[in-house]
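Read off the chains here:
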Amino acid sequence: MVSDSSMNTVLAHFYVFEGLDGAGTTTQAERLVSFLRERVDRVDIDREPTPGVIGTHVRDILAGRRAADHHSLALLFAADRREHMFDPESGVLARHEQGTHIVCDRYLPSSLAYQGVTCGFDRVVSFNGDIPVPLHLFFLEVPVSVCLSRLAGRSEREIFEHEAFLQKTLTAYDAALEHIATLGTTVHRLDGTRSVEEVHDDVCSLVR
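Just so it is clear, the structure is predicted and the values come from calculations on it, not from any experiment.

> Tell me about the overall build of the protein chain, and please be specific about residues and values.
Scanning the protein chain for helices and strands turns up nine helices and six strands. Its C-alpha radius of gyration of 16 Å places the protein chain within 12% of the 17 Å reference for a compact globule of 208 residues. Looking at the protein chain as a whole, 49% of its 208 residues are labelled buried. For the protein chain, restricting intrachain contacts to residue pairs at least 6 apart in sequence, the fraction spanning at least 24 positions comes to 75%. Accessible surface, the protein chain as shown: approximately 9500 Å² in total, 50% of it carbon and sulfur. Charged side chains of the protein chain number 20 positive and 31 negative; the gap between the two group centres comes to 3 Å.

> Run through the nonpolar core, naming residues and quoting values.
By size, the foremost hydrophobic cluster in this structure holds 58 residues, and its most contacted members are Phe14 and Leu32. With seven residues, the top contributor of residues to this core is helix α8 (residues 163-182). In contact with Phe14, not counting residues within four places along its chain, are Met85, Val92, His96, Ile102, Cys104, Tyr107, Val133, Pro134, Leu135 and His136.

> Hey, could you go over helix α5 (residues 108-119) for me, with residue numbers and the actual values?
Burial within α5 is extensive, with 10 of its 12 residues counted as buried. Against the buried residues of α5 lie β2 (8-18), α3 (70-86), α6 (121-128), β5 (133-141) and α8. Following α5 by one or two positions, Gly120 adopts a phi angle in the positive range, close to 105 degrees.

> Pulling in residues and values, what's your account of the packing of aromatic side chains?
For any pair of aromatic rings, the description rests on two quantities: the centre-to-centre distance and the angle between the ring planes. What the rule picks out here adds up to five aromatic pairs. Seen in terms of ring centroids, Phe14 and Tyr107 are 5.2 Å apart; in terms of plane orientation they differ by 90 degrees. Their pairing is edge-to-face. A residue pair is termed long-range when its members are at least 10 positions apart, and Phe14 in strand β2 and Tyr107 in the loop between β4 (101-105) and α5 qualify at 93 residues. Here Phe14 falls in the buried class, since its relative accessible area comes to 0%. Taken together, a centroid distance of 5.0 Å and an interplanar angle of 25 degrees make the contact between Phe17 and Phe138 stacked. Of this pair, Phe17 sits in strand β2 while Phe138 sits in strand β5, and the two are 121 residues apart along the sequence.

The rules behind these values
- Residues numbered from 1 in each chain as written.
- Predicted model: local features only at pLDDT ≥ 70, side-chain atom pairs only at ≥ 80, totals over all residues.
- Heavy atoms only, no water.
- Helix = DSSP H or I, 4+ residues; strand = E, 2+ residues; numbered from the N terminus.
- Rg over C-alpha atoms; globule rule 2.2 N^0.38 Å.
- Buried < 20%, exposed > 50% of the residue type's maximum accessible area, 1.4 Å probe, protein only.
- Contact = heavy atoms within 4.5 Å.
- Areas by Shrake-Rupley, 256 points an atom, 1.4 Å probe, with all protein chains shown as cover.
- Lys, Arg positive; Asp, Glu negative; His and termini not counted.
- Charge placed at Lys NZ, Arg CZ, Asp CG, Glu CD.
- Core = buried A, V, L, I, M, F, W, Y, C linked by side-chain atoms within 4.5 Å.
- Phe/Tyr/Trp six-rings, centres within 6.5 Å; stacked < 30°, edge-to-face > 60°.

Laid out in structure tokens, this is it:
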């Protein structure tokens, strides 16, 4: 099912996980994929930035291997997202129309929150235009201190993974989630400090 809300298409079988770095979005996205594969024929797991040419460039910037000003980075995120969504063969929209369920680790709200802090919320909204949105979005609410504790064991850290910036980003997520809700997405805010199993159970109940 595809429905329209204002200028944005709402994709019924497109599920997105959002949260700060360290919130557990990747783990929960993988768990949902396993759950869906027992119930539907075709399920994909995606993530943003994507592994494509633009997304790889973005990841190099995030890792500190390349430099870019904040506005350029926000535009690169938006370009990667449009390619991810609209590629005529492998894009989310094409696969969704073929009946595939797609679970994505991060999407539009990440840009609205992270790049909204660095170059302005309204500007990031304008960069992303009429991008389709998921029917269901799961936001994992985890305090900055807990996220940083979880990130401490990683061998590679990204440029935004420090306390002051993450605190601003967490606040900015409120506006990001409110915005995507106006486009037709149902936002589920979940306590991400609980066990992986408890959060997953909540996600599955909501998807059912």
